Amino acid sequence: MVKMQFIFGVLIGLTAATLSNAVDSGYYGLKIGPLSQLHHGLSGDVYAVDSKTLFLKNLNYDGEGPAAYFYVSTGRRPSLEGAFRVRDERGSTGVIKRYRNKDVTLSLPEGKTLRDVKWFFVWCDEFSVNFGDVAIPKNLDYPRPLKIAALKGVHEVLSDNIVIVDAQTLLVPNFSYDGEAPDAKFWVGRGTKPTPNGIRIPDENGRETPLIKYDKKTIVLTLPGDLTVFDIGHFGVWCEAFTVDFGHVRIPDVVNVPPSLRMLGISPQSKLNCEVLYDDLAFEVRWAVAGESVVVQLVAKLENNEYMSFGISKSKDHTVMVGADVAVVWVDRDTGKGYAHDYYLDDKSQCSGTRGSCPDIRLGDNTNSIRLLNAAMVNGYSIVTYQRPLKASDRFDLPIPINGSQAIVWGIGPLNQRTEVSFHSKYTKGDRLIDFGRQPTWNCPVPDGEMKMTGDEISAKPAQTNVNHNRDRNREAQDSRPQKQEINRRGSRPASTTDDKYTVPALHVINEDKSTVPARNVPTPKPAPTNGAWEIPPIQCYEPEDGVFYAQMGPTGGKHGYPAITGHVGWGISWYINGLLIPEINVVRGKTYTFVVEGGNDPEVPAKYHPFYITDDPVGGFEYKTEEEKANVRIFAGVHRSRNGAVAPTGIGRLCHWTSDPDGPSADEYSSFGAYQRSLTLKCDEGEPGIITWQPDNNTPDTVYYQCFTHRHLGWKINVLDACDSAQASEIDEVYVEPEADEDGLLTRKI
């Protein structure tokens with residue numbers, strides 16, 4: 001729960017410093033009520049965003065009060081008894097300004113929640129007058145992050161319990177996925193389970209490309225455009241090309257979670273501060289004061305194993321290294337992991353014992369005041385975001401003033417063998433001062449074209465914006481404005497394109513419009529190479545004599561199996577007919593054939609539900625085709641058509657699966673299918689198989705296909721002949737035998 005609150009605090013933390021006009025999303029949290037309209041035209045609606053954050057919708061105030069401030073109090077009525085002053089949206093405790101239909105986000109004082117206070121009001125200190133107030137109900141059920149179920153599915157998809165951080169943000173802790181499927185995506189949609197009509201969700205880096213392997217990685221995902229958790233019924237991992245559910249969780253019908261920053265209208269490019277520290281390496285510091293803390297982002301083009309540091313000089317007016325309080329940060333290029341440590345610069349030397357430039361934790365317990373929020377390598381730039389209190393937390397810290405200029409120090413240099421700072425090759429020269437509490441000013445290079453950046457998802461991912469730090473800045477930069485696009489109801493943020501020499505990540509980039517997912521067709525994976533295919537003997541027209549085929553599931557056989565045989569990329573499983581991996585089947589017109597189907601019978605677990613059917617469609621997956629596609633497909637066996645034309649599969653039976661030895665060699669190491677086949681074990685669930693009978697006739701095409709009704713590309717060819725000539729039996733004679741029950745109750749047979 002602590003981690004969940006922390007992540008949300010990261011996402012909401014910039015609101016006090018980065019407000020703009022709110023998007024008319026209609027959801028701002030739990031409405032507490034309107035401000036009473038007592039004096040100076042004060043009005044507006046007050047919402048609880050979370051335990052520590054208030055949102056004021058359409059705030060009006062004429063600004064004429066001589067000493068008016070925002071307050072919360074624990075008293076019986078609005079007054080300074082038990083009152084705490086609330087910083088305004090800029091993080092200032094000064095007299096509040098004029099507001100005209102403004103949307104304002106306020107953070108409660110450190111250590112206070114909405115459960116601790118009874119009133120929010122605007123008070124004039126000079127005349128002790130209440131300009132307007134709203135009562136905070138006792139035991140207010142304010143929005144908060146919600147923990148739901150964990151992912152568990154095929155392809156080793158696993159996670160801890162997922163957290164709905166806010167209406168557009170999902171935290172997926174310890175997410176794992178083997179990365180073996182060709183087209184897996186994060187996926188949401190209406191209803192209780194995934195379908196092809198769902199929506200792709202960009203990964204933690206904002207990409208919609210097929211997912212790579214994950215090994216217990218905690219990630220933050222953002223719903224695109226104006227899509228919220230109120231619009232969806234599930235979240236999971238979906239193989240789009242093969243219409244396979246790899247694992248999903250349901251989104252509860254009723255959720256009381258905070259609105260996202262985007263829904264509150266946070267759009268702070270002009271509301272963030274930025275200063276260039278060292279132009280030659282594009283070293284920038286970006287920051288925003290957020291309540292009692294400051295969020296800092298450092299960006300630079302570093303060499304491998306280099307750090308960058310930034311902090312406060314011991315002297316208010318002069319840059320002095322000795323005695324400074326700095327953050328030392330870097331990104332490990334090999335692992336992509338980021339680091340941020342609190343340092344006290346006792347001397348201009350490496351840390352030795354407790355002397356020199358040392359991490360605070362070397363000097364005392366519980367002295368690290370730096371919290372790493374996010375780190376990434378983007379286009380060769382190291383980007384690290386961290387948070388620290390404005391006040392000094394221990395004797396090694398210096399406070400960060402927000403009421404005037406403060407001398408700062410910075411440095412860049414190599415890490416030593418202990419991954420601590422050694423000498424700084426680049427450092428502050430002369431006195432360098434920054435006013436941390438100034439009106440937000442962006443003094444860094446910006447791209448041509450209008451951009452908007454937001455603190456939304458600062459902990460999740462850096463987006464990109466063009467910044468040309470080269471000496472020839474005056475050359476014409478490429479326009480990096482996000483490309484607008486035709487949209488349907490919901491969707492994703494389109495990527496910007498750039499040819500600029502340097503591409504430096506910004507806190508975030510969004511479109512001005514509410515971009516939504518463009519309409520698209522189901523993608524088709526690139527053709528697989530067909531060289532090196534195992535020789536799978538076809539099932540001849542005279543075998544088996546009784547015309548009975550056993551259709552079961554099994555692995556695709558690595559690069560020598562399904563993809564090399566068919567030229568299509570498989571998603572991990574395929575049909576086995578009489579123990580053979582997708583053999584070509586030869587049949588004769590006029591003869592009746594029986595298929596004993598053991599592909600799974602539980603539609604609630606799509607990865608274990610594979611109805612068998614015969615069709616002229618080489619792709620399969622009839623259930624999820626469009627109506628136009630269905631009209632162009634013929635089905636010859638394995639379905640029932642109702643009077644109204646609805647098609648339902650009948651080739652449904654218990655699941656039998658040829659299973660490889662997890663401790664044995666990979667499929668790619670076997671030189672032949674026969675050798676690979678002998679390493680497989682048949683495991684079957686309890687239950688009965690399904691039965692399909694089929695008699696090809698003169699209207700049956702010469703080539704048809706056995707397929708899966710719900711998934712694409714699991715089967716292969718059936719050659720339909722007019723007559724059958726006698727010949728020898730197939731060389732590989734391993735065929736289906738009735739499995740026996742093992743000690744776990746599964747039905748197995750070892751070849």
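Structure's up top.
The following refers to the structure shown. (Residues numbered from 1 in each chain as written. Predicted model: local features only at pLDDT ≥ 70, side-chain atom pairs only at ≥ 80, totals over all residues. Heavy atoms only, no water.)

Structural notes on the overall build of the protein
Here is step 1 of the chain: What the protein contains, in helices and strands, is 5 helices and 47 strands.
Here is step 2 of the chain: Across the 751 residues that make up the protein, the buried fraction comes to 56%.
Here is step 3 of the chain: In the protein, the proportion of contacts linking residues at least 24 apart, taken out of those at least 6 apart, comes to 70%.
Here is step 4 of the chain: Accessible surface, the protein as shown: approximately 32,500 Å² in total, 46% of it carbon and sulfur. (Helix = DSSP H or I, 4+ residues; strand = E, 2+ residues; numbered from the N terminus. Buried < 20%, exposed > 50% of the residue type's maximum accessible area, 1.4 Å probe, protein only. Contact = heavy atoms within 4.5 Å. Areas by Shrake-Rupley, 256 points an atom, 1.4 Å probe, with all protein chains shown as cover.)

Side note on the sheet that holds strand β7 (residues 119-124)
Here is step 1 of the chain: Reading across from one edge, β5-β4-β7-β8 is the order of the 4 strands in this open sheet, with antiparallel pairing throughout. If you trace the sheet from one side to the other, it starts and ends with β5 (83-86) and β8 (129-135), each paired once. Sheet twist, expressed as the mean angle between neighbouring strand axes with direction ignored, is 30 degrees.
Here is step 2 of the chain: Relative to β5, strand β4 (residues 68-73) is paired through 4 bridges, and the arrangement is antiparallel. Bridged to Ser73 within β5 is Ala83. (Pairing = 2+ DSSP bridges. Axes fitted to C-alpha atoms, helices over the stretch in contact; angles between N-to-C directions.)

What to know about the pattern of salt bridges
Here is step 1 of the chain: Overall, the coordinates contain 24 salt bridges when judged by the stated rule.
Here is step 2 of the chain: Of the charged contacts in the structure, one is a salt bridge between Lys185 and Asp183, with a shortest N-O distance of 3.3 Å. Take Lys185 and Asp183: they sit in the same class, and that class is buried.
Here is step 3 of the chain: The closest approach of N and O atoms between Arg432 and Glu275, which form a salt bridge, is 3.8 Å. Placement of Arg432 in the loop between β27 (426-427) and β28 (433-435) and of Glu275 in strand β17 (residues 273-278) is noted, with a sequence separation of 157 residues between them.
Here is step 4 of the chain: Residue class for Glu275 comes out buried when judged on its relative accessible area of 12%.
Here is step 5 of the chain: Residues joined in a network through salt bridges with shared partners are Asp183, Lys185, Arg200, Glu208 and Glu240. (Salt bridge = Lys/Arg side-chain N within 4 Å of Asp/Glu carboxyl O.)

Observations concerning the side chain of Asp166
Here is step 1 of the chain: Its place among the elements puts Asp166 in strand β10 (residues 158-166).
Here is step 2 of the chain: No salt bridge is formed by the buried Asp166; the nearest opposite charge belongs to Arg262, separated by 8.6 Å.
Here is step 3 of the chain: Of the polar contacts made by the side chain of Asp166, one reaches the backbone nitrogen of Gln168; its length is 2.8 Å.
Here is step 4 of the chain: Here the side chain of Asp166 touches Thr169 through a polar contact of 2.8 Å, side chain to side chain. (Lys, Arg positive; Asp, Glu negative; His and termini not counted. Polar contact = N/O pair within 3.5 Å; in protein donor to acceptor, adjacent residues only side chain to side chain.)

Quick look at the state of the cysteines
Here is step 1 of the chain: Taken as a whole, this structure holds 4 disulfides when the rule is applied.
Here is step 2 of the chain: Linked covalently through their sulfurs, Cys351 and Cys358 form a disulfide whose S-S length is 2.0 Å. Taking the sign of the S-S torsion, about 100 degrees here, the bridge from Cys351 to Cys358 comes out right-handed.
Here is step 3 of the chain: Of the residues examined, Cys351 reaches a relative accessible area of 11% and is grouped as buried.
Here is step 4 of the chain: Look at Cys358 and you get buried, because its relative accessible area is 0%.
Here is step 5 of the chain: Two residues share a disulfide in this structure: Cys541 and Cys724, whose sulfurs sit 1.9 Å from each other. Across the S-S bond of Cys541 and Cys724 the torsion is about 80 degrees, and the bridge reads as right-handed. Residue Cys541 is found in the loop between β31 (503-506) and β32 (548-555), and its partner Cys724 is found in the loop between β45 (716-721) and β46 (740-741); the two are separated by 183 residues along the sequence.
Here is step 6 of the chain: On the basis of relative accessible area, Cys724 is assigned to the partly exposed category, the value being 30%.
Here is step 7 of the chain: If you count the bonded cysteines of the protein from the N-terminus, they pair up as 1-4, 2-3, 5-8, 6-7. (Disulfide = S-S within 2.5 Å.)

Section: the sheet that holds strand β11 (residues 169-177)
Here is step 1 of the chain: Across the sheet, which stays open at both edges, the 4 strands sit in the order β9-β10-β11-β14 with antiparallel pairing between neighbours. The two strands at the open ends of the sheet, each matched to only one other strand, are β9 (146-152) and β14 (214-222). Recorded for the sheet is a direction-independent mean angle of 20 degrees between the axes of neighbouring strands.
Here is step 2 of the chain: Where β9 meets β10, 4 bridges bridge the pair, whose relative direction is antiparallel. Within β10, the residue paired with Leu146 across the bridge is Ile164.

Concerning the nonpolar core
Here is step 1 of the chain: Counting 83 residues, the largest nonpolar core has Phe175, Phe186, Phe235, Phe246, Phe595 and Phe612 as its most contacted members.
Here is step 2 of the chain: Of all hydrophobic cores here, the second largest spans 34 residues; its members include Leu54, Tyr61, Val104 and Phe120. (Core = buried A, V, L, I, M, F, W, Y, C linked by side-chain atoms within 4.5 Å.)

Some thoughts on the packing of aromatic side chains
Here is step 1 of the chain: Following the criterion strictly, the structure yields 37 aromatic pairs and no others.
Here is step 2 of the chain: For the pair Trp330 and Tyr339, a centre-to-centre distance of 5.0 Å together with 15 degrees between the ring planes defines the contact as stacked.
Here is step 3 of the chain: Aromatic rings pair up to connect Phe549, Trp575, Tyr593, Phe595, Phe612, Trp694 and Tyr706 into one cluster.
Here is step 4 of the chain: The side chain of Arg85 reaches across the aromatic face of Tyr69, ending 3.6 Å from its centre. (Phe/Tyr/Trp six-rings, centres within 6.5 Å; stacked < 30°, edge-to-face > 60°. Lys NZ or Arg CZ within 6 Å of the ring centre and 35° of its normal.)

Things to note about the pairing of strand β20 (residues 306-312)
Here is step 1 of the chain: Taking burial as the measure, the 7 residues of β20 include 7 buried ones, the bulk of the element.
Here is step 2 of the chain: Both β20 and strand β26 (residues 405-414) contribute to a ladder of 7 bridges, which runs antiparallel. Counterpart to Glu306 in the pairing with β26 is Pro414.
Here is step 3 of the chain: Here 5 bridges tie β20 to strand β21 (residues 325-331), and the two strands are oriented antiparallel to one another. Directly across from Ile312, in β21, lies its bridge partner Asp325.

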